[in-house]
Structure formats: C-alpha cells, structure tokens
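Residue-level structure breakdown
Single-letter residue listing:
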Number of protein chains: 2
Amino acid sequence: MTRAEEIYQRLRADILNGRHEPGSRLRVEALKERYGASSGVLREALPRLVGQGLATFAPQQGFRVVTVSPERLEELTEARVFIETHLVRESVTAGTIEWESDLLAAHHHLARVPFFGDTGEINEGWLNAHARFHRVLLEGCSNRQLRDIATQLREVAEVYRCWARTPTEHSNRDIAAEHKTICDRAIERDVPGVVEALTRHINATTNLLLDDYGRREEEGKQDRGPSAP
Amino acid sequence: MTRAEEIYQRLRADILNGRHEPGSRLRVEALKERYGASSGVLREALPRLVGQGLATFAPQQGFRVVTVSPERLEELTEARVFIETHLVRESVTAGTIEWESDLLAAHHHLARVPFFGDTGEINEGWLNAHARFHRVLLEGCSNRQLRDIATQLREVAEVYRCWARTPTEHSNRDIAAEHKTICDRAIERDVPGVVEALTRHINATTNLLLDDYGRREEEGKQDRGPSAP
DNA sequence: CGTCAAGAAAATCTCGAGATTTTTGAAAAA
DNA sequence: TTTTTCAAAAATCTCGAGATTTTCTTGACG
C-alpha cells in the first residue's frame, strides 16, 4: 500500500461519512496537516476522488467535495433506479447458488450490525455492510461495466446520506424492513417483486433526504425571518 | 490552464487516437521526456485518466492504458445500447428547437469533415466531430448524470476504434449513412426509428471491430502455425 | 539445458522548497 | 455608506533530488 493509496482511501471514507462536508473546500495545506502527508501525495490522491465523482476541481482554485442539491439528488435517484432495476433483473434471473449464498450472508451481516455508533452518528460498519449488500445484490449480473457504474452512482448518493441532518430510529427500522423484502424476493427469484422492492427502497431513501432538506430550508427561513430582519 | 490540465488533455487525446496503445505502460520517466513535464505534474494528470476509465493503476507498478478484449468490448456495447437508447428516447421526446438545430449543425459538420487524415490514419477532426454528434444527440435529455455516464462509456469505446487494424473507405461510407439515418429520425421525432437506428449503429461498429480482431487472431495463428512448429 | 540467485539498472514513490496566482483585509476616494 | 485600490497573506502550482521497490541482467549451480 503506497502513501497515496492510503490517503486516497482515508479521504474517500471521510467524504462518504460526512467528515468532509459536501461542497467544502479540500485545501492541500489543511489536508497536509490533517493526514500527515506531503503536498505531492495529496495532489496524487485528490484527482482520483474527482474521477470517482466525489470531488470537483477548478484550476487555481483547488479541490472541493462534490456539491449537493435537491435537483441533483433527483437526477441521481432516477439514474440509479434505471440502472439498478435493470441489473437486479439480470442478477435475479441469472444468479448462481454462490450468489444466493453471498446475498444471504451480506443481508445477515447488515441486519446484525448496529445502525448507530457510540457517538450517536451512523456507524461506519453499517455503512460498509450496506454498501456491500447492495453491491452483492447486483453481482449476479455478468456485465462489469454496468455494475461498476451502479457502484459509482451509489457512492455519490452516499454523500447525501451524511448531508441529511439526523437519521432517526424510525427510518432505520423502515430501511431494515426494505432490505429484508429485497433479499427475500431475490432468493425467491421473484423478478417483478424484487424490482418493485428495490425501486421503493431507492425512492424512499431519497424522499427521506428531500424531506429533511425541505425542513432545514424551512428552519433556515425562520432563522433569517421576522425575528431578525 | 495549469500545466497538469494541459498534460491531462494531451494524454487523453493521445490515448483516444491510439498514439498510446491499449494495455501499454505509461511510464512516468518516459512521459516526462515526451511531454516535457515534471514527475509531479504527471502524477497529478495520470490519476485523472484512471478515474475516466482510460487508464489503470497498480501500486509500485505504475499506470497503463486500459486493456482491451472482445469480452470487454461486448460488455461495453451492451451497456452503451442500454443507456443510450434510453437517453435518445428521452432526448427525441423532450428536445427543444435549439437541440434540433445543434444536432443538425453537429451532423453537418461530421458529414463534411474528412474521415482520413494526411497520414492515412483517422483524422483527428473527424473523431472530435463524431464525439460531438453523439453527445449532442443525447443532450435533449435533462438528466446530466446519465448523459455523463454515456459520454464516459463512449470515450472508453473509442479506445477500441484505434485498436482495430485499418478502417476502410467502405466502412466509412456505412457509418456516414448510419449517422444520416439517426439524424433524420431524430429531427422527425420518430422515436422507435431513432432507437433502432442508434442500436444498429452501435452494434455495427462493434461487429466491425470484432471481425477485425478475429481476422488478426486468425493471422496470428497462421504465423505461429505449421510452418514454424 | 534449465533453474535459481545475487547484483545492477531503472522505475516508482515521497518530500520540501520556490514561483505564481488568488484571496483577504484595510485604507482611501466617491 | 459604498466602491475602488493595493499590498500582505495564503493557497495553489511546479520542480528536481533522494529513498524505496521492482525489474532486468549476468553468472553460477544442479
């Protein structure tokens, strides 16, 4: 593992967990101190994030965490539904016994790992298990190009999860039930069922985030409202 | 334009034009001399190619141009047909008058620019016009996520074009006719027509390349055949 | 003749210093 | 009060040298 590789992994995890806020600048000087790496290493790691769609770059203005907006989230969701439903259809149709086993294992893990961490934030282990479940679900499809695209889109969408204010215990239970449904339908080889369950799941997650965004906008207006003209 | 930006553009163009062979190593030391840039600049530009899917990277082993294989080309083609037909459907349905005009202009340019350059190789201007035509065709669709994905897939597919042995005048005429059909059906707002034309076009290009690959394999076998046991 | 090992060559990886550009903040003018 | 100017500060951009790792060559051994 080279230095640049390590820093890239840490940067990626820190963005996916919201430790770097969406839209915030990624100053090389600041990152040098935080990650204890030279500018050269950082300037090699950061462009990789750009390629993955997790960061942006402008000449003479440095790097930024990818920015978020409701419009972009809706586009992202539409793209995910389009591609993932296609993949899951192929996957459930063509998946082998090994794929079935992997999916069961991934779901079992996801169902057991706690959603909340010690600090009240989302547990990093849960995020990893969640990413794994969705990846394995589509791995029955043989087209690696499309699978890679789906993974990339999910990663960008993950930025939005940590951007939302606070995940609730209620939403956690809903999500867990959705995962169970997806897993069951997939094992049963119920193609229309799994497609519908996955579509619902993706859209439900988006709606949760959009509601949260709307609420925040509302509060923001009140803060700058009649009480402080 | 920063140094790294410039070098990135040149590297990208050189890969897309086959001046760096698929699978070949991109040694920093060699590129330093060729592009007249320092190692730092190159180590910033190369990871961007990796993110775009035009190069690969392995720790301690450096960068390589993306490798090609018939299987990967087939996966790529399947992915392109799946995504581009969806996009062109949206595009032709929702495209504005401005979009129509842009498409006509892009096709006119593509039809006029010569296919072969002075050296007998494919003309770089034609490659640019071709990329532009296909990009504009899908630009009537508002979902930027999906459009970007389609563009990225086409770019990777471009690597295969230069990998093929020699484009013929015959294949050139076929391709030009296909572009004309696509453009006409799009302007007529004939959705099923344009979807069929685009599907044919993508598959035809792939088949041309696969035939060429098969012929080359055949010759390779003869070379190493009974005459030299 | 083929296999293995040690040394040499070459490439990658890492770092910090200097040049260039952008941003910031305060002072002056309208 | 608002706008403009300009200089200081900070960040980006670029470069080449040294450390580490891989690859290639050469030669000895089975």
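Described below are features of the structure shown in this document. Being a predicted model, the structure only gives us computed values, none of them experimental. (Residues numbered from 1 in each chain as written. Chains lettered and ligands numbered in written order. Predicted model: local features only at pLDDT ≥ 70, side-chain atom pairs only at ≥ 80, totals over all residues. Heavy atoms only, no water.)

1. A few points about the relation of the copies chain B and chain A
Under the fitted operation, chain B is carried onto chain A by 0.0 Å of movement along the axis and a turn of 180°, and the coordinates agree to an RMSD of 0.0 Å. Here the transformation between the copies is reduced to the relation of a two-fold axis. Minimal C-alpha distance to the rotation axis in chain B is attained by Gly-51 of chain B, lying at 1.8 Å. Residue by residue, 100% of the interface of chain B is reproduced at the interface of chain A, so both copies engage with the same surface. (Least-squares fit on C-alpha atoms with pLDDT ≥ 70 in both. Contact = heavy atoms within 4.5 Å.)

2. Considerations on the packing of aromatic side chains
All names here are of chain B. Applying the stated criterion to the full structure yields seven aromatic pairs over all chains. Taking 4.9 Å as the distance between ring centres and 85° as the angle between the ring planes, the aromatic pair formed by Phe-115 and Phe-116 counts as edge-to-face. Owing to a relative accessible area of 6%, Phe-115 belongs among the buried residues under this scheme. Judged by centre distance (4.7 Å) and plane angle (85°), the ring pair of Phe-115 and Trp-126 falls under edge-to-face. Highlighted residues: Phe-115 in the loop between helix H5 (97-112) and helix H6 (124-138) and Trp-126 in helix H6, separated in sequence by 11 residues. (Phe/Tyr/Trp six-rings, centres within 6.5 Å; stacked < 30°, edge-to-face > 60°. Buried < 20%, exposed > 50% of the residue type's maximum accessible area, 1.4 Å probe, protein only. Helix = DSSP H or I, 4+ residues; strand = E, 2+ residues; numbered from the N terminus.)

3. Concerning the interface of chain B and chain A
By convention, interface size is frequently given as the accessible area that disappears when the constituent parts associate. Counting from both sides, the interface comprises 27 residues of chain B and, opposite them, 27 residues of chain A. Both faces considered, chain B and chain A share a buried interface measuring about 2500 Å² in area, 59% of it formed by carbon and sulfur atoms. Applying the counting rule to chain B against chain A returns two salt bridges. On inspection of chain B and its partner chain A, the count reaches six residue pairs in polar contact (both at pLDDT 80 or more). Top contributing element to the side of chain B that touches chain A by residue count: helix H4 (residues 70-94) of chain B, with eight residues. When the residues that make up the side of chain B that touches chain A are grouped by side-chain class, the tally is 11 nonpolar, eight polar and eight charged. (Buried area = accessible area lost by both parts, 1.4 Å probe. Salt bridge = Lys/Arg side-chain N within 4 Å of Asp/Glu carboxyl O. Polar contact = N/O pair within 3.5 Å; in protein donor to acceptor, adjacent residues only side chain to side chain. Nonpolar A, V, L, I, M, F, W, Y, C, P; charged D, E, K, R; others polar.)

4. Describing the sheet that holds strand E2 (residues 55-58) of chain A
All names here are of chain A. Pairing is antiparallel across the open sheet formed by three strands, whose spatial order is E1-E3-E2. The open sheet is flanked by strand E1 (25-26) and E2, the only strands paired with a single partner. Pairing geometry for E2 and strand E3 (residues 62-65), over four bridges, is antiparallel. Note that in E3 the partner of Thr-56 across the bridge is Arg-64. (Pairing = 2+ DSSP bridges.)

5. Examining the pairing of strand E3 (residues 62-65) of chain B
Residue and element names in this part refer to chain B. The pairing of strand E1 (residues 25-26) with E3 spans two bridges and is classified as antiparallel. By the bridge assignment for E3, Arg-25 is matched with Arg-64. Hairpin connection, strand E2 (residues 55-58) to E3: the antiparallel pair is bridged by three residues, and Gln-60 has positive phi, about 65°.

6. A closer look at the nonpolar core
Counting residues in hydrophobic clusters, the biggest one holds 132 residues, and the most contacted among them are Leu-11 and Ile-83 of chain A together with Leu-11 and Ile-83 of chain B. Discounting chain neighbours no more than four positions away, the residues touching Ile-83 of chain B are Phe-82, Ile-83, Leu-146 and Ile-149 of chain A together with Leu-146, Ile-149, Ala-150 and Leu-153 of chain B. (Core = buried A, V, L, I, M, F, W, Y, C linked by side-chain atoms within 4.5 Å.)

7. A few points about the sheet that holds E3 of chain B
Residues and elements named next belong to chain B. Taken in spatial order, the three strands make up an open sheet running E1-E3-E2, and their pairing is antiparallel. Since the sheet does not close on itself, it has two edges, and those belong to E1 and E2, each with one partner. On the sheet, helix H3 (residues 39-51) packs against E1, E2 and E3 and is oriented at approximately 115° with respect to E2. (Axes fitted to C-alpha atoms, helices over the stretch in contact; angles between N-to-C directions.)

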